[in-house]
Amino acid sequence: MQLTVQNDGSGSWRAARLAITACFGLGGMTISTWGPRLPALRAELGVGTATLGVMLGLGTVGAVGGLLSAAPVVRRLHGRGAVFAALCVAAGGMAVMGAAVAARSAAVAAAAFALVGYALAMLDVAINVEGAAVERRAGRTLLPMMHAAWSGGAAVGSAIGAACAASGIGPGTQFVGQACLLLACATVVTRGIPRAGALEGPADGVTVGRGPRLRAWLRSWRHARLLLIGLVLLGVEFGEGGANNWLALAVKQGHGASASVAALFLTLFAVSEALSRIFGGAVADRLGRVRTIRLTTALGVLGLVLFIRGQALWLVAVGVVLWAVGVSMGFPLGMSAAAQCGDDPPAQVSVAASLAYLSSLVGPPLIGVLAQTAGLLEALWLIVGLFLAAFAAAGALGVGGHAGAGP
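Residues numbered from 1 in each chain as written. Predicted model: local features only at pLDDT ≥ 70, side-chain atom pairs only at ≥ 80, totals over all residues. Heavy atoms only, no water.

(A) Summary view of helix 8 (residues 224-255). If you look at helix 8, its biggest bend is around 60 degrees, right at W246. Of all 32 residues in helix 8, 25 are buried; the element is thus mostly enclosed. Of the residues trailing helix 8, G256 is marked for its positive phi of about 75 degrees. (Bend = angle between axes of the 7 residues up to and from the residue. Helix = DSSP H or I, 4+ residues; strand = E, 2+ residues; numbered from the N terminus. Buried < 20%, exposed > 50% of the residue type's maximum accessible area, 1.4 Å probe, protein only.)

Here it is in structure tokens:
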């Protein structure tokens, strides 16, 4: 199975790049929907911090299911169909979440988190496979810029949440409104993605059955380099998920800010991450993947120390910016490296992403439980440890690949 960009009349690879980038933005807007509203969401549902952490963890349970089913879905529906289907399911999950908040049903809200997690994981695999294909066609590092759109979308989503919090709009109403916006945008932007997508079938025209594909996917789990790439992804995704889920609450509870100001800190994180990714592609082409990851994760460690120990809000804000730099490059460079690890990009991306999403599975409930006993700020030291693990495993990203892949 080879990565290519096919022209089926839907436009050039440059048009596909723009469309895929826009879909990254929609994914980011979706995943940041609830982060700024966690204080209000907790109050509306009447749950504690630990219970809220478990609910957030259920979103990753759904994501694991999405990752496991992503490779066959991408092969069956191909580029445009897989991306559009994932966005539609995400919109449906957000609408259910809004209805659950209105009904004050924590159980239905938890199920909605799982559904949205399932959709976003499938979307993640599909757009990264498509993005890696465009990157190979261009011959330069493009995935960080595409992931910058995810961060930019997250900034838009968190800004919407902050505005709704400041204007007294309830989270249920916001979630339903954003579900409608997501569906409308998905209908328009996915038209630029080629129908055939990034995948070529076997050169001899023989259809590969499900059994061989499953065995190939299982064999990918024995690929040492791929597992180390997954460790890098796990570390940085734990840091990003920790910010998306807990940063606003940590600023409010740990640093005494108002709910609207706390939401703006999450917006600052998203904007900083987006800017890091916009300029990160050129940095990766110059320094290589390994040095880029080690530089950014080291800055992330410094940022978390400032965030946890800082007293003045301006110092906390500096910590947020560096924290965002720390998580900015791991996922795009890791996904690009994973797609180049063998001859089955969907399976390889799925394996690496599965390890990344493992952090989201255990992260929210683990931080929530630690916060109950040690305090939310102290619980964030766990992210520092995983940043250090990502720093140590970064060498796996320097094997093979195009320009910029070396150490």
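(B) Representation of the side chain of E237 in the model. Residue placement: E237 occurs in helix 8. Salt bridges are absent for the buried E237, whose nearest opposite-charge side chain, R277, sits at 5.1 Å. Discounting chain neighbours no more than four positions away, the residues touching E237 are F331, A356 and S359. (Lys, Arg positive; Asp, Glu negative; His and termini not counted. Salt bridge = Lys/Arg side-chain N within 4 Å of Asp/Glu carboxyl O. Contact = heavy atoms within 4.5 Å.)

(C) Representation of the pattern of salt bridges in the model. Within the structure shown, the criterion is met by four salt bridges. In this structure, R277 engages E240 in a salt bridge whose closest nitrogen and oxygen atoms are separated by 3.9 Å. Here R277, found in helix 9 (residues 259-287), pairs with E240, found in helix 8; they are 37 residues apart in sequence, far enough to count as distant. Across this residue pair, the class does not change: R277 and E240 are buried. Note that E378 and R309 form a salt bridge whose closest N and O atoms lie 3.0 Å from each other. Residue E378 is located in helix 14 (residues 376-379), and its partner R309 is located in helix 10 (residues 289-309); the two are separated by 69 residues in the primary sequence. For R309, a relative accessible area of 47% gives the class partly exposed. Through salt bridges with shared partners, a single network forms among E240, E273 and R277.

(D) Representation of a nonpolar patch on the surface in the model. Taken together, the side chains of M145, V271, L275, I278 and F279 make up a nonpolar region of the molecular surface, amounting to roughly 440 Å² of accessible area. Counting residues per element, the nonpolar patch draws most heavily on helix 9, which supplies four residues. In this fold, M145 is placed in helix 5 (residues 143-167). (Patch = residues over 30% accessible without salt bridge, like charges linked within 9 Å, V, L, I, M, F, W, Y side chains within 5 Å. Areas by Shrake-Rupley, 256 points an atom, 1.4 Å probe, with all protein chains shown as cover.)

(E) Broad picture of the environment of G385. Assignment of secondary structure puts G385 in helix 15 (residues 381-393). Taking C-alpha positions, G385 is 8.3 Å from G235, a pair spaced 150 residues apart along the chain.

(F) Structural context of the packing of aromatic side chains. Tallied over the full model, the rule gives four aromatic pairs. Here F269 and W323 contribute two aromatic rings whose centre-to-centre distance is 5.8 Å and whose plane-to-plane angle is 80 degrees, an arrangement assigned as edge-to-face. Here W323 lies in helix 11 (residues 313-328) and F269 lies in helix 9, a separation of 54 residues in the sequence. Taking 5.2 Å as the distance between ring centres and 65 degrees as the angle between the ring planes, the aromatic pair formed by F307 and W323 counts as edge-to-face. Of this pair, F307 sits in helix 10 while W323 is found in helix 11, placing the two residues 16 residues apart along the sequence. Taking relative accessible area as the criterion, W323 reaches 0% and is therefore assigned buried. A connected cluster of aromatic rings, assembled from ring pairs, spans F269, F307 and W323. Cation over ring: R294 sits above F391, and NZ or CZ is 5.8 Å from the ring centre. (Phe/Tyr/Trp six-rings, centres within 6.5 Å; stacked < 30°, edge-to-face > 60°. Lys NZ or Arg CZ within 6 Å of the ring centre and 35° of its normal.)

(G) Region of interest: the packing of helix 8 against helix 12 (residues 330-339). Helix 12 packs onto helix 8 with a crossing angle of 165 degrees between their chain directions and a minimal axis gap of 9 Å. Relative to helix 12, helix 8 is oriented roughly antiparallel. Relative to helix 12, the crossing made by helix 8 is left-handed. Across the interface between the two elements, R225, L226, I229, L233, V236 and E237 of helix 8 pack against G330, F331, G334, M335, A337 and A338 of helix 12. Here the residues of the contact of helix 8 with helix 12 are counted per class, giving eight nonpolar, two polar and two charged. (Axes fitted to C-alpha atoms, helices over the stretch in contact; angles between N-to-C directions. Parallel < 35°, antiparallel > 145°, perpendicular 65-115°, else oblique. Left-handed = near helix turned anticlockwise from the far one by under 90°. Nonpolar A, V, L, I, M, F, W, Y, C, P; charged D, E, K, R; others polar.)

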